[in-house]
Amino acid sequence: MPAGRFKHVRKRAASLAASISPAVWGRSLAASAVAGGLLLAGVAVPAEAASYYSAPLRTAARSLAVAAENNAGYDRNRYFGYWNDTNRDCQNTRAEVLLQETKSAVTYTTARRCTLRTGRWVSPWDNRVHSSASAVEIDHTVPVHEAWGSGARYWSQARRVAFYNDLGDSRSLNALTAALNSAKQARGPESWMPPANRCAYIGQWIAVKIRWGLRVDSVEKAALVRYADSCPNVRVSVTRV
């Protein structure tokens, strides 16, 4: 990723809460380095930091609290809002994620540099490469509808908006092939899994659930445990909010 493009605190290699690059799962884990909150076992998170959670993947999957989903009253726009421009630089959350994840220099649609036109994005769950910003969508790892039914319906409006625009953990939002995002919709791992990098996907899903204190239903948890048991037992470290 080009240096100087990141405008948020959300830096993968510097943060204890960033995620392991999906591409790493296709290589030897022995050659893996830290790429965020999925840390290789043996890299410790300070035990005294109460705001952090850290455990092996399989332990993390089993630690998730179980409760039936309640999706009554869901209204995405009303309760979660839209992409924000938190730092008021004219680039909203979508633009910030695209800037973070681009593998090359970008161009913009206007001289104000608010929205991106081109760059180079590798969609993490199908490994497809896109050069046009319009070809990718920003995916919530845990879909907004899923979050609502898993506990967000009881949150304050401000917390829901913060979830929708979470730039504090690189696992929360991903630039994804538009068709793949449409295929996923609001489904969880119990009914939809990506065609590539599934272990990374499971790790990110679990990390986001822990970060936001979201529950899982029994079918979802069974799927997460089953997938986690078949994946490398890497360490999940995440900052709770």
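Residues numbered from 1 in each chain as written. Predicted model: local features only at pLDDT ≥ 70, side-chain atom pairs only at ≥ 80, totals over all residues. Heavy atoms only, no water.

Chemist: How should I be thinking about the sheet that holds strand β3 (residues 107–108) in this particular structure?
Modeler: Hydrogen bonding along the main chain pairs the strands of a sheet, whether they run parallel or antiparallel. The three strands lie next to each other as β3-β4-β5, forming an open sheet whose pairing is antiparallel. Two strands lie at the open edges of the sheet, namely β3 and β5 (129–132), each paired on one side alone. Of the strands in this sheet, β3 and β4 (116–122) touch helix α3 (residues 93–101), which is tilted by about 50° from β4. (Pairing = 2+ DSSP bridges. Helix = DSSP H or I, 4+ residues; strand = E, 2+ residues; numbered from the N terminus. Contact = heavy atoms within 4.5 Å. Axes fitted to C-alpha atoms, helices over the stretch in contact; angles between N-to-C directions.)

Chemist: What am I meant to see in the state of the cysteines here?
Modeler: Here is the idea: a disulfide is a covalent bond, and it sits between the sulfur atoms of two cysteines. In the structure shown here, the tally under the stated rule is two disulfides. Here Cys90 connects covalently by a disulfide to Cys114, the sulfurs 2.1 Å from one another. Handedness here is read from the sign of the S-S torsion; for Cys90 and Cys114, about -110°, the answer is left-handed. Taken together, the residues Cys90 in the loop between α2 (76–80) and α3 and Cys114 in the loop between β3 and β4 connect sequence positions 24 residues apart. Disulfide pairing places Cys199 opposite Cys231 at an S-S distance of 2.1 Å. Linking Cys199 and Cys231, the disulfide has an S-S dihedral of approximately -90° and is accordingly described as left-handed. Of the two residues, Cys199 sits in helix α7 (residues 198–211) while Cys231 sits in the loop between α8 (218–229) and β8 (235–239), which places them 32 residues apart along the sequence. (Disulfide = S-S within 2.5 Å.)

Chemist: Which parts of the structure should I look at to understand the environment of Arg240?
Modeler: Of note, Arg240 is situated in the segment after β8. Residue Arg240 is classed as partly exposed on the basis of its relative accessible area, which comes to 41%. Along the chain, Arg240 and Ala207 lie 33 residues apart, while their C-alpha atoms are 9.3 Å from each other. (Buried < 20%, exposed > 50% of the residue type's maximum accessible area, 1.4 Å probe, protein only.)

Chemist: Mind showing me how you'd approach the environment of Ala95 here?
Modeler: Its place among the elements puts Ala95 in helix α3. Taking C-alpha positions, Ala95 is 9.2 Å from Ala133, a pair spaced 38 residues apart along the chain. Discounting residues that sit within four places of it in the chain, Ala95 has contacts with Cys114 and Leu116.

Chemist: How should I be thinking about the nonpolar core in this particular structure?
Modeler: Soluble globular proteins tend to bury their nonpolar side chains together. Grouped together as the largest cluster of nonpolar side chains are 40 residues, with contacts concentrated most on Phe80, Phe163 and Ile206. Of all the secondary-structure elements, those providing two or more residues to this core are β2 (52–56), α1 (57–63), α2, α4 (144–149), α5 (157–164), α7, α8 and β8. Of the residues forming this core, the biggest block, nine residues, is contributed by α7. The residues touching Phe163, leaving out its near neighbours within four places in the chain, are Phe80, His140, Val142, Val144, Ala147, Trp155, Val208, Trp212 and Leu214. Core analysis: the second largest hydrophobic core is formed by 14 residues, Leu99, Leu116, Ile138 and Ala175 among them. (Core = buried A, V, L, I, M, F, W, Y, C linked by side-chain atoms within 4.5 Å.)

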